[in-house]
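Close look at the chain arrangement
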Amino acid sequence: MVPATHLLVFGTVLFTIGLAGFLCRQSVIVMLMSVELMLNSVIVNLAAFSQINGNVRGQVFAVFVITVAAAEIAVGLAILILIYRRKGEVNPGSWERLKDW
Amino acid sequence: MEVWQAAAFYGIAALLAAWSVGLYRQKPLYALPALVGGAALAFLAGILLLGSHAASFPAFVFYVMSAVGTAAALLMVTSQNPVYAALWLVLVILSVAVILVLLHAEFFAAVQVIVYAGAIMVLYLFTIMMVQMPERPARPLWLPRHTLAALVGIVLFGSICAVLALKPMPADVLAAGAISSPEGNTVALGRSLFTEYLFPFEIASLLLLSALVGAIVLAKKDPGETTASEGGE
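Summary of the structure given here. (Residues numbered from 1 in each chain as written. Chains lettered and ligands numbered in written order. Predicted model: local features only at pLDDT ≥ 70, side-chain atom pairs only at ≥ 80, totals over all residues. Heavy atoms only, no water.)

**A closer look at the overall build of chain B**
Helix and strand counts for chain B come out as 8 helices and 0 strands. Listed N to C, the secondary structure of chain B is α-α-α-α-α-α-α-α in terms of helices and strands. Counting every position in chain B, which comprises 233 residues, the buried fraction comes to 36%. Here chain B has roughly 13500 Å² of accessible surface; of this, 76% comes from carbon and sulfur atoms. (Helix = DSSP H or I, 4+ residues; strand = E, 2+ residues; numbered from the N terminus. Buried < 20%, exposed > 50% of the residue type's maximum accessible area, 1.4 Å probe, protein only. Areas by Shrake-Rupley, 256 points an atom, 1.4 Å probe, with all protein chains shown as cover.)

**Structural notes on the packing of helix α3 (residues 57–87) of chain A against helix α5 (residues 106–130) of chain B**
Two elements in contact, α3(A) and α5(B), have axes separated by 11 Å at closest approach and are oriented at 5 degrees. As judged from the angle between their axes, α3(A) and α5(B) are roughly parallel. Between α3(A) and α5(B), the residues in contact are A:Gln59, A:Ala62, A:Val63, A:Ile66, A:Ala69, A:Ala70, A:Ile73, A:Ala74, A:Leu77, A:Leu80, A:Ile81 and A:Tyr84 and B:Phe108, B:Val111, B:Val115, B:Tyr116, B:Ile120, B:Leu123, B:Tyr124, B:Thr127 and B:Met130, respectively. Classifying every residue of the contact of α3(A) with α5(B) gives 19 nonpolar, 2 polar and no charged. (Axes fitted to C-alpha atoms, helices over the stretch in contact; angles between N-to-C directions. Parallel < 35°, antiparallel > 145°, perpendicular 65-115°, else oblique. Contact = heavy atoms within 4.5 Å. Nonpolar A, V, L, I, M, F, W, Y, C, P; charged D, E, K, R; others polar.)

**Description of the packing of aromatic side chains**
The description of two aromatic rings rests on the distance between their centres and on the angle between their planes. Inspection of the entire model under this criterion finds 4 aromatic pairs over all chains. Relative to A:Phe64, the ring of A:Phe61 has its centre 5.9 Å away and its plane inclined at 80 degrees; by these criteria the two rings are edge-to-face. With A:Phe61 and A:Phe64 both in helix α3, this residue pair falls 3 residues apart, about one helical turn. Looking at A:Phe64, the relative accessible area reads 13%, which means it is buried. Relative to B:Tyr63, the ring of B:Phe62 has its centre 5.1 Å away and its plane inclined at 65 degrees; by these criteria the two rings are edge-to-face. With a relative accessible area of 0%, B:Phe62 lands in the buried category. An aromatic cluster is built from A:Phe61, A:Phe64 and B:Tyr197, whose rings are joined through pairwise contacts. (Phe/Tyr/Trp six-rings, centres within 6.5 Å; stacked < 30°, edge-to-face > 60°.)

Take it as geometry only, folks, not as evidence of what the structure does.
Structure below.
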């Protein structure tokens, strides 16, 4: 017997860890991974609400979440590789000026 | 009440993970007894905090998997090497997939393993291999920024938990209003996706197409361009 609240708290824990990781990490790749962690917590919650309401709508939205995650990661990593090629490093502290590229 | 119960449980799981990894970084040999002791402690904490909640087998699996997921998420965020971070993220994704199976989202659990743990994580690992991280200069492990991030996280977590505590929720999510479709989860999901949500589905495919084109255009090398990593040196 798992109360629904325990599941939602698990989603909240994952989201919070992802948010804190995004805010405090220096490496861009780990920052993007933290975003993936937050999207995963949303997936857990959507599946839980789908189960609570007794229909598959939550799972349909989880499919859209995973689509957006895939698109985000493709474009984000392409930008990362582009920046690495131009600057030779991927430290977000060195990205104060993006304009002149 | 249940909210704080669960919060205490995940807090203990996270603390135990941090403890055993701290020991591992000092002396790898200590990790095994620490892990065994940590598992025993987590078991005790689970019995004390959750009591009869974890009595049935699916509930037990859920609590174990959510503790594993919490610990792995914490380790992902704190590991210095991005390759280790990616592997911890794979562990989080797999434990989430197990929880999705428990929630009767079997198709989505398979998608989670194939697309997330398979495709997206391979993309991450490729990028980590292509982008050589420079050796990081020694810097203090705990910066003011980290305190700020932890504060933001704690405030957000506390407020979401407070809101969750206000609203009455079903007492048993694994059984509550089980998605009843005789033909199974995949067929029900497909039917909903291609009838009720056809237009959002088309927009999602358009999004994927534009992301594909955008990624190719961004990452393609211009012929005459000199680069910092090749021509600049």
